[in-house]
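Structural overview for review
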Amino acid sequence: MGSKTVDEAGTDTGTEAKRDEEDVQLTKDGDTAADQADAEAYEDDEQAYPDSDDRSDASAGGSGVGQGAAAVVSAGLGIVSLTGSWVGTVAQARDSLYGQLETAQQSSVGTQLKELYGDSWNANALVAGFFALAALIVGVVVLVRPAFGNPDRVQAPWIKSVAWAGASLGVIGLLLAALKYSDILLSVPAGS
């Protein structure tokens, strides 16, 4: 810590006197000590972030979090389209119940199979197809998003990978849903 001494004339001669002289000098030039500190902080920021656009992108949330989340959602929807969902199960059970109500006891076995099982199978295929289509759309949107954004900003590789996985699962899910709905894959057996 600086020492303060006072000479016979009553003036300060220590380190605090030098600081006072610097403050007076800055004030004479039109700048205050606070202005000088702000200027030094700005220069430090400029050295740390030479390109001010990079700093504004990071502060504006342009870190790709939204694209990453959308890519994960796309992959999740693709998995749901392949493995089934609660919504598909409910739709299948509801359609099966309607089939039971609409089918008369005297109906042929083929009609009963179609009403009880075939229509509910098709309802499940439609729901799976909806999830697959949603996965495909979200995945494609994430993949083409950089074309409509800042051309200097590169999309993270993991985002592209997950979006491709979601879009691919969506295509496979759509194909399987179409095959199930058209009775090419696991069709209802024909009754006699």
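In what follows, the accompanying structure is described.

A look at the overall build of the protein
Secondary structure summary: the protein contains seven helices and zero strands in total. Sequence-ordered secondary structure for the protein, helices as α and strands as β, is α-α-α-α-α-α-α. Split into buried and exposed, the 192 residues of the protein put 22% on the buried side. Within the protein, counting contacts between residues at least 6 apart in sequence, those at least 24 apart form 71% of the total. Accessible surface for the protein amounts to roughly 13000 Å². Of this, 60% is attributable to carbon and sulfur atoms.

Notes on the nonpolar core
Formed by Leu77, Val127, Phe131, Ala134 and Ala135, the largest nonpolar core amounts to five residues. Other than its neighbours up to four places away in sequence, Val127 contacts Ser85, Val87, Gly88 and Ala91.

What about the side chain of Ser74?
With respect to the helices, strands and loops of the structure, Ser74 is situated in helix H4 (residues 65–83). Within the structure, the side chain of Ser74 is placed 2.8 Å from the backbone oxygen of Ala135, a separation counted as a polar contact. Setting aside anything within four residues of it in sequence, one finds Ser74 in contact with Ala135, Val138, Gly139, Ala163, Gly166 and Ala167.

Rules and cut-offs
- Residues numbered from 1 in each chain as written.
- Predicted model: local features only at pLDDT ≥ 70, side-chain atom pairs only at ≥ 80, totals over all residues.
- Heavy atoms only, no water.
- Helix = DSSP H or I, 4+ residues; strand = E, 2+ residues; numbered from the N terminus.
- Buried < 20%, exposed > 50% of the residue type's maximum accessible area, 1.4 Å probe, protein only.
- Contact = heavy atoms within 4.5 Å.
- Areas by Shrake-Rupley, 256 points an atom, 1.4 Å probe, with all protein chains shown as cover.
- Core = buried A, V, L, I, M, F, W, Y, C linked by side-chain atoms within 4.5 Å.
- Polar contact = N/O pair within 3.5 Å; in protein donor to acceptor, adjacent residues only side chain to side chain.

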